[in-house]
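Okay, here's what each chain looks like letter by letter:
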Amino acid sequence: MLLTDRFGRRIEYLRLSVTDRCDLRCAYCMPSDFSGYEEPEHWLSFDEIERLVGLFARFGLRRVRLTGGEPLMRNGLARLAGRIKAIPGVEDLSLSTNGTQLRKHGQALRDAGVDRLNVSLDTLQPARFTEITRRDALADVLAGLATAREIGFAPIKINMVWLAGVNDDELEAMVDFCRQGKFILRLIETMPMGETGRQSQYASLQPLIASLKAKFGLIDGLIPGGGPARYLISPDGLFSLGFITPMSQHFCATCNRVRLTVDGILHLCLGQEDRLDLRSLMRSGESDESILAAIQASIDRKPERHEFSERPEKIIRVMSSTGG
Ligand code: SAM
Ligand code: SF4
């Protein structure tokens with residue numbers, strides 16, 4: 001049995017937010033004075049998470065990404081990672097992190113079976129890092145990245161949110177840094193998630209893509225990962241740069257994912273409100289079969305696409321609550 005929605009999209013990827021807390025306050029993501037955290041009694045326990053991922057896996061789920069908030073803020077994350085990786089059918093377990101605690105937890109996560117890492121890094125300049133994230137933590141992130149590379153995570157992708165007038169002069173420096181560290185660099189357009197997302201300095205990546213193609217002869221390429229990034233590569237294959245363009249060229253037609261938040265809500269689309277409360281179903285004693293039926297029915301309601309451009313005011317939840 002597979003999960004396929006009414007538009008023929010096969011859902012095989014779960015983004016699992018294990019906490020809505022974070023040790024950074026990136027300006028495009030989380031308000032500096034954010035206080036709308038989920039009550040701890042609403043957090044899914046590891047047993048509940050394992051049960052749900054197991055149910056999804058019966059429907060053909062193959063990939064899970066741990067995210068947040070900052071997933072390393074959740075106690076025992078490596079233990080949870082090990083339990084998820086042991087679920088039959090889960091072939092690929094990855095982690096999105098801001099990297100501040102990778103030095104401490106990287107090895108345990110690797111041992112638990114985390115295959116791939118995405119690390120957020122928008123700048124290499126300490127003062128600018130503090131301005132964007134409202135925390136003085138660049139040195140921790142760089143140390144975390146060095147540890148991750150030594151441990152042998154592969155690939156390690158660096159996600160750089162492209163912010164007009166803030167870090168858009170740093171492409172060359174980031175490319176050099178990533179080439180030296182053997183990281184894959186990806187640029188991301190900001191989305192209007194919550195007030196913070198709407199106030200961010202959005203710029204379309206299309207002009208940059210066109211100019212890089214023309215200037216360096218880069219061509220379209222593919223790097224495995226199951227995600228929506230489009231890559232430009234050099235003809236000799238030695239250089240690659242990814243672009244995630246949810247705004248200027250959305251990829252909803254090939255969307256293969258749903259999101260589960262720490263409070264057990266299944267979000268069917270990042271840019272819509274359609275959801276299923278799996279926590280209530282589990283805590284009211286519903287059977288596996290009844291939860292499976294509810295999941296299947298919800299997938300049928302997965303919206304065709306987001307409306308970030310037409311209705312940017314629509315989504316009031318911030319990215320750190322939903323799981324990017
Ligand atoms: N804390 C982890 C991190 O920063 O990688 C994981 C969670 S974070 C919400 C996941 C991703 O969402 C990050 O790469 C972050 O840059 C991105 N993100 C947050 N707010 C965004 C926004 N408004 N538009 C686009 N990307 C955003
Ligand atoms: Fe935290 Fe990640 Fe959001 Fe930055 S992008 S505030 S690190 S959850």
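**Q** So what's going on with the pattern of salt bridges? Which residues, and what values?
**A** Counted by the stated rule, this structure contains 18 salt bridges. Here Arg51 makes a salt bridge to Asp288, at a shortest N to O gap of 2.8 Å. One end of the pair, Arg51, is in helix α1 (residues 46-58); the other, Asp288, is in helix α10 (residues 288-300), with 237 residues separating them in the sequence. Relative accessible area serves as the criterion here: at 28%, Arg51 is assigned to the partly exposed category. The salt bridge partner of Asp169 is Arg128, with a shortest N-O separation of 2.7 Å. A residue pair is termed long-range when its members are at least 10 positions apart, and Asp169 in the loop between β5 (156-161) and α6 (171-181) and Arg128 in helix α4 (residues 126-133) qualify at 41 residues. Overall, Arg128 belongs to the buried group, its relative accessible area being 14%. The network of salt bridges with shared partners includes Arg51, Arg58, Asp288 and Glu289.

**Q** An account of the layout of surface pockets is needed here, citing residue identities and associated values.
**A** The volume enclosed by the second largest pocket comes to roughly 370 Å³. In terms of lining residues, the second largest pocket is bounded by 19 residues, among which Glu172, Val175, Leu212, Phe216 and Phe239 are the most central. Counting residues per element, the ones that place at least two in the lining of the second largest pocket are α6 and α8 (206-216). In terms of residue class, the lining of the second largest pocket is made up of nine nonpolar, two polar and eight charged.

**Q** Quick rundown of the site of ligand 1? Include the residues and the values.
**A** For ligand 1, the set of nearby residues contains 18 residues, the closest of which are Tyr28, Gly69, Ser120, Val161 and Met191. In the environment of ligand 1, an oxygen atom lies 2.7 Å from a nitrogen or oxygen atom belonging to the side chain of Ser120. Relative to its free-state accessible area of 550 Å², ligand 1 is covered by the protein chains to the extent of 94%. Elements with a contribution of two residues or more to the shell around ligand 1: β3 (92-97) and β5. Of the residues contributing to the shell around ligand 1, the split by class is five nonpolar, eleven polar and two charged.

**Q** Account for the sheet that holds strand β4 (residues 116-120), naming residues and giving values.
**A** Strand pairs in the sheet, formed through backbone hydrogen bonds, run parallel or antiparallel to each other. Pairing is mixed across the open sheet formed by twelve strands, whose spatial order is β7-β8-β9-β6-β5-β4-β3-β2-β1-β10-β11-β12. In this open sheet, the two edge strands, each paired with only one partner strand, are β7 (219-221) and β12 (275-277). Between one strand and the next, the sheet's axes are offset by a mean angle of 25 degrees, whatever the strand orientation. Docked against the sheet, α6 engages β5, β6 (184-188) and β9 (240-244), running at close to 150 degrees with respect to β6.

**Q** An account of the environment of Ala57 is needed here, citing residue identities and associated values.
**A** Looking at the element boundaries, Ala57 is found in helix α1. A sequence separation of 116 residues divides Ala57 from Ala173, and the C-alpha atoms of the two residues are 41 Å apart. Contact partners of Ala57, with chain neighbours within four places excluded, come to Ile87 and Pro88.

**Q** Explain the state of the cysteines to me, using residue names and the numbers behind them.
**A** In total, this model carries zero disulfides according to the counting rule given. With no disulfide of its own, Cys255 lies closest to Cys252 among cysteine sulfurs, the gap being 6.7 Å.

**Q** Explain the packing of aromatic side chains to me, and be specific about the residues and the numbers.
**A** Taken as a whole, this structure holds two aromatic pairs when the rule is applied. Ring centres of Phe34 and Tyr37 lie 5.0 Å apart, and the angle between their planes is 90 degrees; this geometry places the pair in the edge-to-face category. Relative accessible area serves as the criterion here: at 21%, Tyr37 is assigned to the partly exposed category. A ring pair is formed by Phe177 and Phe183, whose centres lie 5.7 Å apart and whose planes are at 35 degrees; its orientation type is tilted. Above the ring of Phe153, the side-chain terminus of Arg110 is found at 5.2 Å from the ring centroid.

**Q** Tell me about α10, and name the residues and values.
**A** In this model α10 runs 19 Å from its N-terminal to its C-terminal C-alpha over 13 residues, within 8% of the 18 Å that 1.5 Å per residue would give. Buried within α10 are the following residues: Ile291, Leu292, Ala294, Ile295, Ser298 and Ile299. Angular distribution of buried residues about the axis of α10 spans 160 degrees; they occupy a single face of the element. As for α10, its buried residues are in contact with α1, β10 (257-260), β11 (265-267), β12 and α9 (278-283).

**Q** Quick rundown of the site of ligand 2? Include the residues and the values.
**A** Every residue near ligand 2 is listed here: Cys22, Leu24, Arg25, Cys26, Cys29, Gly69, Asn98 and Ser320. Taken together, the residues that form the shell around ligand 2 break down as four nonpolar, three polar and one charged.

**Q** Describe in detail the packing of helix α2 (residues 77-85) against helix α3 (residues 102-112), supporting the description with residues and values.
**A** At their nearest, the axes of α2 and α3 sit 8 Å apart, and the two run at 15 degrees to each other. Regarding the angle of α2 to α3, the classification is roughly parallel. For the element pair α2 and α3, the recorded crossing hand is right-handed. Contacts between α2 and α3 pair Leu77, Ala78, Ala81, Gly82 and Lys85 from the former with Ala108, Leu109 and Ala112 from the latter. Broken down by class, the residue content of the contact of α2 with α3 amounts to six nonpolar, one polar and one charged.

Cut-offs used in this document
Residues numbered from 1 in each chain as written. Chains lettered and ligands numbered in written order. Predicted model: local features only at pLDDT ≥ 70, side-chain atom pairs only at ≥ 80, totals over all residues. Heavy atoms only, no water. Salt bridge = Lys/Arg side-chain N within 4 Å of Asp/Glu carboxyl O. Helix = DSSP H or I, 4+ residues; strand = E, 2+ residues; numbered from the N terminus. Buried < 20%, exposed > 50% of the residue type's maximum accessible area, 1.4 Å probe, protein only. 1 Å grid on protein atoms, 1.4 Å probe; cavity = no way out; pocket = protein on both sides within 12 Å on 5 of 7 lines; lining within 4 Å. Points joined across faces, edges and corners; volume = space filled by probe spheres on them. Nonpolar A, V, L, I, M, F, W, Y, C, P; charged D, E, K, R; others polar. Near = heavy atom within 4 Å. Polar contact = N/O pair within 3.5 Å; in protein donor to acceptor, adjacent residues only side chain to side chain. Areas by Shrake-Rupley, 256 points an atom, 1.4 Å probe, with all protein chains shown as cover. Pairing = 2+ DSSP bridges. Axes fitted to C-alpha atoms, helices over the stretch in contact; angles between N-to-C directions. Contact = heavy atoms within 4.5 Å. Disulfide = S-S within 2.5 Å. Phe/Tyr/Trp six-rings, centres within 6.5 Å; stacked < 30°, edge-to-face > 60°. Lys NZ or Arg CZ within 6 Å of the ring centre and 35° of its normal. Expected span 1.5 Å × (residues − 1). Arc of directions from axis to C-beta. Parallel < 35°, antiparallel > 145°, perpendicular 65-115°, else oblique. Left-handed = near helix turned anticlockwise from the far one by under 90°.

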